[in-house]
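Residue strings, one per chain:
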Amino acid sequence: NLRWHQKIWLKQNSLEGGIRIDRNYSDDAWNLSRFAMTYQKNNAHITVGHLNINVGQGLVLGRSYGRFKSVDNLKSFSLDDSRYSYHMGSSIGDDILGTSLTLEKNGWTYKGHFAKLNSNNTSSFGIFFNQNNYQIGLLAAGIYRSDSSSKYGSLTFDINRLPFLFTGEISIYENKKAVILNIIRWDTLLSWTLHYRNIPFNWTTISGRPVSILHSGANEKAIAMSIKHKLEDYTITSWLELFSEHINKDGYLPNSGSDWLIKCDKHSNSTGLYSVQYRIKNKNTVQSWQMNALEFSSFNPETKQYLTIQWLSPRKKLKTKWQNVKVRPEKNNAESGQLLSMSYSGFSIFEISSVFGANAWNTDSWQSRLYNYSPGLKGEFYIPAYYGLGSEFFSKWSYEISDQIDVSFRHSIKWKSDQNALDHSFAIQVESIY
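Computed from a predicted model, the values in this text were never measured in an experiment.

(A) View of the overall build of the chain. Helix and strand content of the chain: zero helices and 27 strands. The C-alpha radius of gyration of the chain comes to 24 Å, within 12% of the 22 Å expected for a compact globule of 434 residues. Principal-axis analysis of the C-alpha atoms places the extent of the chain at approximately 65 × 55 × 55 Å. The 434 residues of the chain split such that 39% are buried.

(B) Fine view of the pattern of salt bridges. Following the criterion strictly, the structure yields six salt bridges and no others. The salt bridge involving Asp-95 is made with Arg-34; its shortest N-O contact spans 3.0 Å. Taken together, the residues span a long stretch of sequence, with Asp-95 in the loop between strand S5 (81-86) and strand S6 (96-105) and Arg-34 in strand S3 (residues 31-41) at a distance of 61 residues. Here Asp-259 makes a salt bridge to Arg-279, at a shortest N to O gap of 2.7 Å. Here Arg-279 lies in strand S17 (residues 272-291) and Asp-259 lies in strand S16 (residues 256-268), a separation of 20 residues in the sequence. According to the relative accessible area criterion, Arg-279 is partly exposed, its value standing at 21%. Overlapping salt bridges bring together Arg-197, Glu-220 and Glu-241 as one network.

(C) Broad picture of the packing of aromatic side chains. The final tally for this structure, using the stated rule, is 11 aromatic pairs. What links up through ring pairs into an aromatic cluster is the set Tyr-152, Tyr-173 and Trp-203. The positively charged end of Lys-111 is found above the aromatic ring belonging to Phe-128, 5.6 Å away from the centroid. Across from the ring centre of Tyr-387, 3.6 Å away, lies the NZ or CZ of Lys-416, which sits over that ring.

(D) Fine view of the nonpolar core. Of all hydrophobic cores here, the largest spans 21 residues; its most connected members are Ile-53, Val-55, Val-60, Leu-61, Trp-203 and Ile-206. Of all the secondary-structure elements, those providing two or more residues to this core are strand S4 (44-56), strand S7 (108-117), strand S9 (134-144) and strand S12 (176-185). Not counting residues within four places of it along the chain, the set of residues in contact with Val-60 comprises Leu-139, Ala-141, Tyr-152, Ser-154, Glu-169, Ser-171, Thr-205, Ile-206 and Ser-207. Formed by six residues, the second largest nonpolar core is a distinct cluster that contains Val-327, Leu-339, Leu-370 and Tyr-386.

(E) Inspection of the pairing of strand S25 (residues 389-400) at higher detail. In terms of strand pairing, strand S22 (residues 352-363) meets S25 through 11 bridges, oriented antiparallel. Counterpart to Ile-352 in the pairing with S25 is Tyr-399. As judged from the 11 bridges shared by S25 and strand S26 (residues 405-416), these two strands associate in the antiparallel manner. Its bridge partner being in S26, Tyr-399 is matched across the sheet by Val-407. Counting the residues that bridge the hairpin from S25 to S26 gives four residues.

(F) Region of the structure containing the environment of Trp-260. Inspection of the secondary structure puts Trp-260 in strand S16. Between the C-alpha atoms of Trp-260 and Gly-142, which are 118 residues apart in sequence, the distance is 38 Å. In contact with Trp-260, other than residues within four places in its own chain, are Ser-238, Trp-239, Leu-240, Tyr-278, Arg-279 and Ile-280.

(G) The confidence of the model for the chain, seen in detail. Per-residue pLDDT for the chain has a mean of 86; in total, 91% of the residues score no lower than 70. At the level of individual helices and strands, the chain shows its lowest average pLDDT in strand S21 (residues 348-349), which scores 78, and its highest in strand S20 (residues 335-344), which scores 95.

(H) Highlighting unusual backbone geometry. You will see that Asn-13, though not glycine, has its phi angle at about 55°, which is positive. Along the chain, Asn-13 falls in the loop between strand S1 (3-12) and strand S2 (15-24). On the basis of relative accessible area, Asn-13 is assigned to the exposed category, the value being 67%. For Asn-202, which is not glycine, the phi dihedral falls at a positive 65°. Summarising the element assignment, Asn-202 is placed in the loop between strand S13 (190-199) and strand S14 (220-231).

(I) How the structure looks around the environment of Arg-369. The residue Arg-369 is located in the loop between S22 and strand S23 (370-371) in this model. With 42 residues separating them along the chain, Arg-369 and Val-327 place their C-alpha atoms 9.7 Å apart. Excluding residues within four positions of it along the chain, Arg-369 makes contact with Lys-304, Val-325, Ala-385, Tyr-386 and Tyr-387. Among the polar contacts listed, one links the side chain of Arg-369 to the side chain of Tyr-371, at a separation of 2.8 Å.

(J) View of the pairing of S4. Here six bridges tie S3 to S4, and the two strands are oriented antiparallel to one another. For Met-37, the partnering residue across the bridge sits in S4 and is Val-48. Looking at chain direction, S4 and S6 are connected through seven bridges and run antiparallel. Within the sheet, the bridge partner assigned to Thr-47 lies in S6 and is Ser-100. One ladder, built from six bridges, connects S4 with S5; its direction is antiparallel. Bridged to Asn-54 within S5 is Arg-83.

Procedures and definitions
- Residues numbered from 1 in each chain as written.
- Predicted model: local features only at pLDDT ≥ 70, side-chain atom pairs only at ≥ 80, totals over all residues.
- Heavy atoms only, no water.
- Helix = DSSP H or I, 4+ residues; strand = E, 2+ residues; numbered from the N terminus.
- Rg over C-alpha atoms; globule rule 2.2 N^0.38 Å.
- Buried < 20%, exposed > 50% of the residue type's maximum accessible area, 1.4 Å probe, protein only.
- Salt bridge = Lys/Arg side-chain N within 4 Å of Asp/Glu carboxyl O.
- Phe/Tyr/Trp six-rings, centres within 6.5 Å; stacked < 30°, edge-to-face > 60°.
- Lys NZ or Arg CZ within 6 Å of the ring centre and 35° of its normal.
- Core = buried A, V, L, I, M, F, W, Y, C linked by side-chain atoms within 4.5 Å.
- Contact = heavy atoms within 4.5 Å.
- Pairing = 2+ DSSP bridges.
- pLDDT = per-residue confidence, 0-100.
- Polar contact = N/O pair within 3.5 Å; in protein donor to acceptor, adjacent residues only side chain to side chain.

Shown next, in the form of structure tokens:
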């Protein structure tokens, strides 16, 4: 089950370029998965190859991963994007292969692209005005198929009027309008965020996904509120989000849900950081079935409750976390699960730094699964799901041979009660810069 990739990137003055090749264990040869070349001269920036394009809140051109809430950064799902760059990462979503141009002059930025997206052509042109703490942009974009075309118009803004930050995007596609608005107050003692989005039914983006936290980023209306308050050694963070579909595509009542979290952190220079977090997620879905040639439907709420207790040592080398989940469907039997994880990052020998730890978990089924971050190599964001009964030992080792060469390695051994053998997973990465 091995997968290999190699990335080569060359830079000479204003010209950069490179390729990425991948190979799975079952493949006969290496495959060219990414390539790009970029050139910058004065205020002009030209990129040819695989592109990464994010604009505004992603209503037209968005991220493949969308957005997510972060307890440590409540602005994470409200920030405005304005990025036309190359894409050398792993293949997530559809590939955009073409050329882009960025030109800056007297506070104005002109951006555009022309590319292939699957078997279709796509293009965009945007004008962005930047002055002091203001950025306002107009975007025109389209995707052109053999038998039809879709055209978009979008207004993006990022206005910083201390102590408030206003970000958002208003987009029009055919006769539909999508809106995302954010108001943020960021202060060292008291910060809060208000978020609103209204994305109509059958709204489609050219690439990626728009801002979305609980749902798919389409056919929904939602509001979210968050607050962070610091008081001496304590920090209290909380958010609440409510969402609902506009239309259920099967003709039933629209699905809906909510997400509420509260977290308390206590920081001490002598004892470290203690954290207690409670989160409850409700999701109301419509289920249908047939009986005696008749079709029935029911509105079934499901509640997931999460409790997380965490301790981080004063020097942030030792981390211990315990998670508990309870799943309460309306009709089926309730489920529960828990996960205990420990990691230590303070051990080094012969200039080789390391992170090693262990996970142990016990959940009733996949429905009561838990997620936990595991240390990965550069470019990896590894958050596996843990379910059933099992345990895992993992380690990551890094060695800087010189200023140009860095070697890293990770390995894990996992045992699960439903398997008869240990599951080994490892990866090695050599990064060289010349």
